[in-house]
Amino acid sequence: MSMFHRQAGHYVAVFAVDEVRVLRKVASEVVGLLTDGFDHTDPVVGRLFPAVYPQDAPGTAEFRRYTEGDLKTAKIDQAGAILAALPDDAGGEVRLDAEAAEAWLRALNDARLAMGVRLEIKDGTDLGEELDDAVAEDPGSSRVFQLSVYAYLGYLQESLLNALID
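Residues numbered from 1 in each chain as written. Predicted model: local features only at pLDDT ≥ 70, side-chain atom pairs only at ≥ 80, totals over all residues. Heavy atoms only, no water.

Chemist: What is the right way to look at the packing of aromatic side chains in this model?
Modeler: Aromatic rings in a pair are described by how distant their centres are and how their planes are angled relative to each other. Summed over the entire model, instances satisfying the criterion amount to five aromatic pairs. Ring centres of F38 and F49 lie 5.4 Å apart, and the angle between their planes is 85 degrees; this geometry places the pair in the edge-to-face category. Residue F38 is found in the loop between α1 (17-34) and α2 (43-48), and its partner F49 is found in the loop between α2 and α3 (57-85); the two are separated by 11 residues along the sequence. According to the relative accessible area criterion, F38 is buried, its value standing at 18%. When the ring centre of F49 is taken as origin, the NZ or CZ atom of K75, which lies over that ring, is 5.7 Å away. (Phe/Tyr/Trp six-rings, centres within 6.5 Å; stacked < 30°, edge-to-face > 60°. Helix = DSSP H or I, 4+ residues; strand = E, 2+ residues; numbered from the N terminus. Buried < 20%, exposed > 50% of the residue type's maximum accessible area, 1.4 Å probe, protein only. Lys NZ or Arg CZ within 6 Å of the ring centre and 35° of its normal.)

Chemist: Before we go on, may I ask you to explain the packing of helix α4 (residues 98-118) against helix α6 (residues 142-165) in this structure?
Modeler: Each pair of packed helices gets described by two things: the angle between the helix axes and the distance between those axes. Relative orientation of the contacting elements α4 and α6 amounts to 155 degrees, with a least axis distance of 10 Å. Considering their axes alone, α4 and α6 lie roughly antiparallel with respect to each other. In this structure, the crossing between α4 and α6 has a hand that is left-handed. In this structure, α4 contributes A101, W104, L105, L108, N109, A111, R112, M115 and G116 to the contact, and α6 contributes Q146, V149, Y150, L153, G154, L156, Q157, L160, L161 and L164. Here the contact of α4 with α6 is composed, by residue class, of 13 nonpolar, five polar and one charged. (Axes fitted to C-alpha atoms, helices over the stretch in contact; angles between N-to-C directions. Parallel < 35°, antiparallel > 145°, perpendicular 65-115°, else oblique. Left-handed = near helix turned anticlockwise from the far one by under 90°. Contact = heavy atoms within 4.5 Å. Nonpolar A, V, L, I, M, F, W, Y, C, P; charged D, E, K, R; others polar.)

Chemist: What should I look at first to understand the sheet that holds strand β3 (residues 92-96) in this one?
Modeler: As a general point, the strands of a sheet are linked pairwise by backbone hydrogen bonds and lie either parallel or antiparallel. An order of β1-β2-β3 is seen for the three strands of this open sheet, with the pairing classed as antiparallel. Each end of this open sheet is capped by a strand with a single partner; those strands are β1 (5-7) and β3. Sheet twist, expressed as the mean angle between neighbouring strand axes with direction ignored, is 40 degrees. Bridge count for strand β2 (residues 10-15) against β3 is five bridges, and the pairing is antiparallel. Paired with V14 across the two strands is E93, which belongs to β3. (Pairing = 2+ DSSP bridges.)

Below you can see the structure in the form of structure tokens.
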């Protein structure tokens, strides 16, 4: 598994071809969610764009009117930073400057938030236990794969964060 480290003012990791494919798919799905699939009734959209005034729907709508476009554009650009930095359909090195590394962190966070909603992961969820239960039920299930990707994204996010603060 890839791990970021600092090298000459950059944050560097070497990704296997399968990691590149997973990251490309996840980032593309976030872009799709924020463009073609953007729907305020979708719980994932609600998680990525929470109501700023939960008890005041008109106030929230007014706030969204002024901020949502820019926030959505930023989230799309951040997912795009992942897509732009990844090697083309092969494994290889990713070298990020500080700005790109921060965009990756935000995009990884958005992807994990989206997956967490779909997988019904809550604050107190023990991910290891969830994964063990899913494997025991059906080792080849899509839930096992999705939980594994969710865990991988968390590992990658932590790795990049640690490289940034070292």
